[in-house]
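# Summary of the model geometry
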Protein chains: 4
Amino acid sequence: MINVGIAGSTGYTGIELVHLLQRHPHAQIVWITSENSAGKPLSEVHAVPWNYTLITLEEAYGRATEVDVVFLCLPHGQSITAARTFAEAGLAVIDLSADFRLDSADAYRRWYGLEHTAPELLGCFVYGLCEVNRERLRGARLVAVPGCYPTTVNLGLYPLAKAGWLGERVIVDSKSGVSGAGRTAKLPYLFVEANENMTPYNIGYRHRHIAEMELVLNGVAPNGGCHFTFSPHLLPANRGILSTMYVRVPAGVTETQIRNLYAEAYAGEPFIHLLPAGQQATLRHTVYTNRCAISITADHPGDPACRDFIIVCTEDNLIKGASGQAIQCMNIAFGLDETAGLL
Amino acid sequence: MINVGIAGSTGYTGIELVHLLQRHPHAQIVWITSENSAGKPLSEVHAVPWNYTLITLEEAYGRATEVDVVFLCLPHGQSITAARTFAEAGLAVIDLSADFRLDSADAYRRWYGLEHTAPELLGCFVYGLCEVNRERLRGARLVAVPGCYPTTVNLGLYPLAKAGWLGERVIVDSKSGVSGAGRTAKLPYLFVEANENMTPYNIGYRHRHIAEMELVLNGVAPNGGCHFTFSPHLLPANRGILSTMYVRVPAGVTETQIRNLYAEAYAGEPFIHLLPAGQQATLRHTVYTNRCAISITADHPGDPACRDFIIVCTEDNLIKGASGQAIQCMNIAFGLDETAGLL
Amino acid sequence: MINVGIAGSTGYTGIELVHLLQRHPHAQIVWITSENSAGKPLSEVHAVPWNYTLITLEEAYGRATEVDVVFLCLPHGQSITAARTFAEAGLAVIDLSADFRLDSADAYRRWYGLEHTAPELLGCFVYGLCEVNRERLRGARLVAVPGCYPTTVNLGLYPLAKAGWLGERVIVDSKSGVSGAGRTAKLPYLFVEANENMTPYNIGYRHRHIAEMELVLNGVAPNGGCHFTFSPHLLPANRGILSTMYVRVPAGVTETQIRNLYAEAYAGEPFIHLLPAGQQATLRHTVYTNRCAISITADHPGDPACRDFIIVCTEDNLIKGASGQAIQCMNIAFGLDETAGLL
Amino acid sequence: MINVGIAGSTGYTGIELVHLLQRHPHAQIVWITSENSAGKPLSEVHAVPWNYTLITLEEAYGRATEVDVVFLCLPHGQSITAARTFAEAGLAVIDLSADFRLDSADAYRRWYGLEHTAPELLGCFVYGLCEVNRERLRGARLVAVPGCYPTTVNLGLYPLAKAGWLGERVIVDSKSGVSGAGRTAKLPYLFVEANENMTPYNIGYRHRHIAEMELVLNGVAPNGGCHFTFSPHLLPANRGILSTMYVRVPAGVTETQIRNLYAEAYAGEPFIHLLPAGQQATLRHTVYTNRCAISITADHPGDPACRDFIIVCTEDNLIKGASGQAIQCMNIAFGLDETAGLL
């Protein structure tokens, strides 16, 4: 039985992690922290029956020896200190923030506008995109869980990128449920503002999640960098991300070749659902699961020479896009069945 | 053409008032205030194209002579000073807050927990429930617009109360869209919290809106007070209130008599929609309109001696429950066609 | 490992059962039927990746020996033949329809308007309200799973009824998510019709689910029958039922006594979540779980002699109100851990 | 006063037309048809209080002389006969179907799969995109109201197309509320299926609405045809379309030039809302209005040589995308104030 600590439980990813770990056969939660609600039972903060009593991060440091692994569900910028402290105490650290996803302090400064205070640790974290980095995750002690949007984009385009078929520019039009904005009381996320509405934000080459797309997809592409136009939209739903991606493959590459490429790349993957030709991936395929669903469509139905394709990839942003993938990372890192607690 | 000022435009009732007055044939908006956004165009605060520039309440006092009537969309407790200032400047005042709805400083203190600072004005305001107080509203200069919940309850039960058929206790189970909670960034009103959820709050004999039910319905009842059990619930919808009301009428009163009573009471009313037997009032009957819809159902289908009835009354909480009724009040007070701008 | 057959998989309770059994540690699905989609994979009917191939009910009869238990997710009236056939083949039968919930063909005819074609079996089925009938469920071979609404009402009021504190009349104002209406393409259940709307239907003493309330609660009440006024409303949410119940207890019974009564009645129950004083049960407490949440509120806050109480009970209508409770019944009947697959 | 007939009132565009015409100062409805509900009051078909009695299309032909103009809200393929009959009776015809939007029977056959039975009339209809075809609409007797999606695309891109800046390919990623699917009881449009979901459909170069984009935008482009990749998605909202459009302008064209182009093209337009730099068009800007909102964003924030731009255009699909634009056409055709009944 793996003993787990959760740092930062009052947001949506924190509580989702609690939900998922409750049913994990080989892990149990020992403590949970919350800066604002320390001393209260978790059931006062979320509509749950469990009577975990919340503790402070400070207290958690003192109780580090009680756990084997700590999940950090802290805001960007606040994970660094916690990660270092727990790592030095010998714990495995699985960080759901962006603090250790990028590969340099420069990149972190450019996209997050913050000076990284533990740049020496950046290279020590494995980027926890399980289907891509599985081997590196085995036995890993420090894991950076990917962002929600990049998981759909990276899993949706990885086979193309690796084959060198991604082209020079990809347009990613993403739609995210409101839980992606976090559990903070801000006007745009009020029910009345978001319901019966749709809002584009940070569209173009602006959103910090682009960094993770470049890192993963341009990192693996044999033929140089691809430019990502990434347009997120706020969707009136609690959960789920649907990314519609427009790519141009090299001349001569056929739809059949692309389908075979994906089928091979994801053969045996328990959490990748490739839709057959003619079916589209929807949010419903993935919400409340740890799966990604992927569908592939040629732009022009009758044209065998068509080079433009539309890849749709969906996920539950709180599960595969955050807490589920974090548990999947733990399962791999600790040598458990990768699907434990996730089916 | 009536010149209108609006004090407090950034909430949901304020902006609804702007929307409705835009299409009013005999009224035009001259100025609009906002404490937090003064100096900005309204289009920065709401998704509207109009370029009204917001002013402070202070500035509005200085520009009182430019308008004939001011609508106060201020929080409870803040209307009192504004009402007095504008009234002294000779303006008609239509107050959408609760500050002048009750008939005594005692009642105000009991239900709102505040000391009323202009108790001498309490008796000067007409309670703007148009279908009930129409005659008193003609020529009125000071109007207190009814609360959203009480409008459904008072219009839904008025004929019964006046006939002395209301009984000793009424159970009111109300469901309100989230805009009823106002445009304030609080956790329970976040999309993710309210969507796919339903929450009872202040149920029983607790909610301050009970005061208006007692005032109107017990005020008119020939045979003494009725106890109101009032249970509001937060509904995952932007707009609309549906109140399901359980009443016991005196022995011998039949369904036909009740239907006739309502038909007579509301004959010719442009904004009361009585549903025929067998149909239920729904939110859809009233949202985005200034109407109330009312349906009447005997508890026991086969029993002619049945004394228990279920009255359902619906409205758009921002229109008939607030800004629409406010305009209806203005129309009556200024001698205009009562439906002007409201169809 | 228990081998399971599911008859009727294309509705919402059928697919929910598939979802839940997927993660059950001691049960596995062997076959699934669908009259309309036989021969197709389940993934063509629902947004799921599993490649169960659907078979006809006829085929299922032929493959009865392959399974230990069959869950019937068939429409009311169609379960009877299937239940008899599978029972005669020696299978345990867990029926999610209403066909075996009532205790007589008379009652069935009165409430469902159908002649029961296997009245001799009516007495053989155990009514699967687990917290009430747990002992009778042990080893049971034939189980009738309770209706969705009655589960909230019966669990919400059972302690009061058993203590003889239920009074002569209870008003039940229920709100149900749209999945309660089933997966049939009818106009009122279209997104545009149900969204941003709320609709009362069959209110008063009309809905057939009243039969189950009378059976359970009047069956256990020491002092005679209670009249149920039951008003269901269609709620714009996918899942969940919230029932607000208005009861009058005998003089002298205090809030503390009632709280103690519930605490004792439900001590140790894994799926009953009693809210502490001052908190209300919401849908969020129970959706996507097998739990009921119950809260108790005195009508009049300051009055120790208050006899009127408001009980709120919530559940996920597809889980505790159908498929989850069905699995809970199986767990008890087969001597498994009652919570297996349900946490 | 213009006398109006409405053929086909029971869908969403039909009832929206009724709503809008109710408040039109210079038009009144004389009769309304419905094939399925003839003889019933409209209030049995929609949650409205008006007691128009529905008639058949056959009866409407007999009562053609009572009206000046007929709006056809009939399914595609059924408008042709009605249009001819009413036109021959001397009425003005405003057709909301697709039957007279295209310019040839060939195009109609290719995109709609139907043989056009009145090809001689195709050239007689004016395509009612008011901001583009205003002059041709003055005095027009036969008008084809544009489709919902094409209105956002054509208004969103018209200035670029006319300037020859549209490029060779435009990617249009559109999201539509469920009312766009019509009022037909089909499984994918059930509340439970569409809510908390998002579904791409007919993505790429497939959807018949592409024909209208090509007709309008390629028709005006000085430098030849543009290829439209058009990806519609079903959005969990009642109303509204948001189209995110990715264009590449010629080298040297700057963001300022584009903004000036739009400002000039739409100067004085009462129903076009151009958002200032830094703000995005949202559904909230346009639902329940006859407006389009348009925002312009450079792909790469820091690059003055950036040629890639993202145009977002939103509308209410039932108003500007259908019935509102139909009334706008009537206003222009009959020489009324263009905004009459639409503010």
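Summarised in this report is the structure supplied together with it. Throughout this description, residue numbers start from 1 for each chain and increase along the sequence as written. Following the order in which they are written, the chains are lettered starting with A and the ligands numbered starting with 1. Given that this is a predicted model, residues contribute local features only at a pLDDT of at least 70 and side-chain atom pairs are listed and counted only at 80 or more, while totals for whole chains, interfaces and linings are drawn from all residues. Hydrogens are left out, water is left out, and the side-chain values use all remaining heavy atoms of the structure.

## A few points about the overall build of chain A
Spelled out, the test is: Secondary structure elements are defined from DSSP: runs of H or I of at least 4 residues count as helices, runs of E of at least 2 residues count as strands, and each element is numbered from the N terminus. Between two residues, a contact is recorded if the distance between any of their heavy atoms is within 4.5 Å. Note on areas: Shrake-Rupley, 1.4 Å probe, and residue coverage restricted to the protein chains presented here. Positive residues here are Lys and Arg, negative ones are Asp and Glu, while His and the chain termini are left out of the count. The location of each charge is read from NZ of Lys, CZ of Arg, CG of Asp or CD of Glu.
Scanning chain A from N- to C-terminus turns up 11 helices and 13 strands. Here the C-alpha coordinates of chain A stretch approximately 65 × 45 × 40 Å along the principal axes. A fraction of 68% describes how many contacts in chain A between residues 6 or more apart in sequence connect residues 24 or more apart. Per element, the accessible surface of chain A, about 11,400 Å² overall, is 49% carbon and sulfur. Computed over 25 positive and 32 negative side-chain charges, the inter-centroid distance for chain A is 2 Å.

## Thoughts on the interface of chain D and chain B
Using the following cut-off: We define buried area as the total accessible area lost by two parts upon association, computed with a 1.4 Å probe and summed across both. A pairing counts as a salt bridge when a side-chain nitrogen of Lys or Arg comes within 4 Å of a carboxyl oxygen of Asp or Glu. Identification of polar contacts relies on pairs of N or O atoms within 3.5 Å, with a donor-acceptor requirement for protein atoms, meaning one able to donate a hydrogen and the other able to accept it, and with residues adjacent in sequence counted only if both atoms are side-chain atoms. Residue type decides the class: Asp, Glu, Lys and Arg count as charged, Ala, Val, Leu, Ile, Met, Phe, Trp, Tyr, Cys and Pro as nonpolar, and the leftover types, Gly among them, as polar.
Taken residue by residue, the interface counts 17 residues in chain D and 17 residues in chain B. Summing both partners gives a buried area of about 1,500 Å² for chain D against chain B, and 51% of it is carried by carbon and sulfur. The tally of links between chain D and chain B comes to zero salt bridges. In this structure, the connection of chain D to chain B is made through four residue pairs in polar contact (both at pLDDT 80 or more). Its residues placed into classes, the side of chain D that touches chain B shows five nonpolar, seven polar and five charged.

## Looking at the sheet that holds strand S8 (residues 199–200) of chain B
Residues and elements named next belong to chain B. For the record, the criterion: In this description, strands pair whenever DSSP reports at least two bridges between them. Lines fitted to the C-alpha atoms define the axes, with helices restricted to the stretch that makes contact. Angles between their N-to-C directions range from 0 to 180 degrees.
Within the open sheet, the seven strands sit side by side as S8-S9-S7-S10-S13-S12-S11. Their pairing is mixed. In the strand order of this sheet, the two ends are held by S8 and strand S11 (272–274), each with one partner. Relative to strand S10 (residues 241–248), strand S7 (residues 169–177) runs antiparallel, the two being bridged by six bridges. Of the residues in S10, the one forming a bridge with Ser 174 is Ser 243. Sitting on the sheet, helix H10 (residues 255–265) touches S11, strand S12 (292–298) and strand S13 (308–315), and the angle it makes with S12 is about 165 degrees.

## Focus: the pairing of strand S10 (residues 241–248) of chain A
Residue and element names in this part refer to chain A. Applied cut-off: Here the term buried applies to any residue with accessible area under 20% of the maximum for its type, exposed to any over 50%, and partly exposed to those in between, with areas from a 1.4 Å probe on protein chains only.
A large share of S10 lies buried, amounting to seven of its eight residues. Pairing of S10 with strand S13 (residues 308–315), which is carried by eight bridges, proceeds in the antiparallel orientation. Along S13, the bridge assignment pairs Met 245 with Ile 311.

## Brief notes about the packing of aromatic side chains
Residues and elements named next belong to chain C. Using the following cut-off: Centre distance within 6.5 Å is the pairing criterion for rings of Phe, Tyr and Trp, where only the six-membered ring of Trp is used; planes under 30 degrees apart are then read as stacked, over 60 as edge-to-face, and the remainder as tilted. A ring is considered to have a charge above it if a Lys NZ or an Arg CZ atom is located within 6 Å of its centre and within 35 degrees of its normal.
Throughout the structure, instances matching the rule amount to 32 aromatic pairs over all chains. A centroid spacing of 5.5 Å and a plane angle of 20 degrees characterise the contact between Tyr 108 and Tyr 112, whose relative ring orientation is stacked. With Tyr 108 and Tyr 112 both in helix H4 (residues 105–112), this residue pair falls four residues apart, about one helical turn. Judged by its relative accessible area of 8%, Tyr 112 falls in the buried class. Geometrically, the ring pair formed by Tyr 149 and Phe 230 is edge-to-face, given 5.0 Å between the ring centres and 75 degrees between the ring planes. A residue pair is termed long-range when its members are at least 10 positions apart, and Tyr 149 in helix H7 (residues 148–162) and Phe 230 in strand S9 (residues 227–235) qualify at 81 residues. In terms of burial, Tyr 149 and Phe 230 fall into one category: buried. Residue placement shows Arg 239 over the ring face of Tyr 288; its charged tip is 4.2 Å from the ring centre.

## Details of the relation of the copies chain D and chain A
Going by this rule: For this overlay, a least-squares fit was computed on C-alpha atoms, restricted to residues scoring pLDDT of at least 70 in both copies.
Overlaying chain D with chain A gives an RMSD of 0.0 Å, the required rotation being 180 degrees about an axis along which the chain moves by 0.0 Å. Within this description, the copies of the chain are treated as partners about a two-fold rotation axis. Residues of chain D ranked by C-alpha distance from the rotation axis are headed by D:Pro236, positioned 3.3 Å from it. The residues that chain D uses at the interface reappear at the interface of chain A in 100% of cases, marking a shared surface.

## What about the state of the cysteines?
Residue and element names in this part refer to chain C. Stated formally: Throughout, a disulfide means two cysteine sulfur atoms within 2.5 Å of one another.
Counted by the stated rule, this structure contains zero disulfides over all chains. The thiol sulfur of Cys 148 is not disulfide-bonded, and the nearest other cysteine sulfur, from Cys 292, lies at 12 Å. Judged by relative accessible area, Cys 148 falls into the buried class, the value being 15%.

## Details of the relation of the copies chain D and chain B
Expressed as a screw operation, the relation of chain D to chain B combines 0.0 Å of axial shift with a rotation of 180 degrees, fitting to an RMSD of 0.0 Å. Of the interface residues in chain D, 100% have counterparts in chain B that sit at the interface too, so the contact is made through matching surfaces.

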